[in-house]
Amino acid sequence: QVQLVESGGGLVQPGGFLRLSCTASGFTFTFYSMSWYRQAPGKERELVASISRFGKNTNYAEPVKGRFTISRDNAKNTVYLQMNNLTPGDTAVYYCNAQREATYTYWGQGTQVTVSS
């Protein structure tokens, strides 16, 4: 059974930081590139960051460049999103995604991140 389990969300003040984790099971982790998406209320889901199968390549959405870092530990089947200098605009539900070619994609259940004073 495929599972992507996110953790690490919560309430943080502007300028603060959080580290999200997503642990995968039920599929061969190294076959998949991994991404984090987010969806704010009333908005479409958007790509935040992605990382290639062995971590050589990463990509970031413009609003998070320089503040967020995606990484993965293939030995632990886990992908991380380190989020620094958070702003209220980062408030959203964050989703973990696993993607292989154009066919195979899996999603986590999401974790809420709220940035507020």
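Whatever comes next refers back to the structure up there.
Keep in mind that this is a model prediction, so the values were computed, not measured. (Residues numbered from 1 in each chain as written. Predicted model: local features only at pLDDT ≥ 70, side-chain atom pairs only at ≥ 80, totals over all residues. Heavy atoms only, no water.)

Once that is clear, we can look at the overall build of the chain. Scanning the chain from terminus to terminus reveals zero helices and 11 strands. Taken from N to C terminus, the helices and strands of the chain fall in the order β-β-β-β-β-β-β-β-β-β-β. Here the chain has a C-alpha radius of gyration of 13 Å; the compact-globule value for 117 residues is 13 Å, and the two agree. With the C-alpha coordinates aligned to their principal axes, the bounding extent of the chain is approximately 40 × 25 × 25 Å. Counting over 117 residues, the chain shows a buried share of 38%. Counting every atom, the chain has about 6,300 Å² of accessible surface; 48% of that belongs to carbon and sulfur. A distance of 6 Å separates the average location of the 11 positive side-chain charges in the chain from that of its 7 negative side-chain charges. (Helix = DSSP H or I, 4+ residues; strand = E, 2+ residues; numbered from the N terminus. Rg over C-alpha atoms; globule rule 2.2 N^0.38 Å. Buried < 20%, exposed > 50% of the residue type's maximum accessible area, 1.4 Å probe, protein only. Areas by Shrake-Rupley, 256 points an atom, 1.4 Å probe, with all protein chains shown as cover. Lys, Arg positive; Asp, Glu negative; His and termini not counted. Charge placed at Lys NZ, Arg CZ, Asp CG, Glu CD.)

As used in these notes, a disulfide is a covalent bond between sulfur atoms, one from each of two cysteines. Here the structure, examined in full by the defined rule, presents one disulfide. Between the sulfur atoms of Cys 22 and its disulfide mate Cys 96 the distance is 2.1 Å. Its S-S torsion of about -80° marks the bond between Cys 22 and Cys 96 as left-handed, since a negative value means left-handed. With Cys 22 in strand S3 (residues 18-25) and Cys 96 in strand S9 (residues 92-100), the pair connects residues that are 74 residues apart, well separated along the chain. (Disulfide = S-S within 2.5 Å.)

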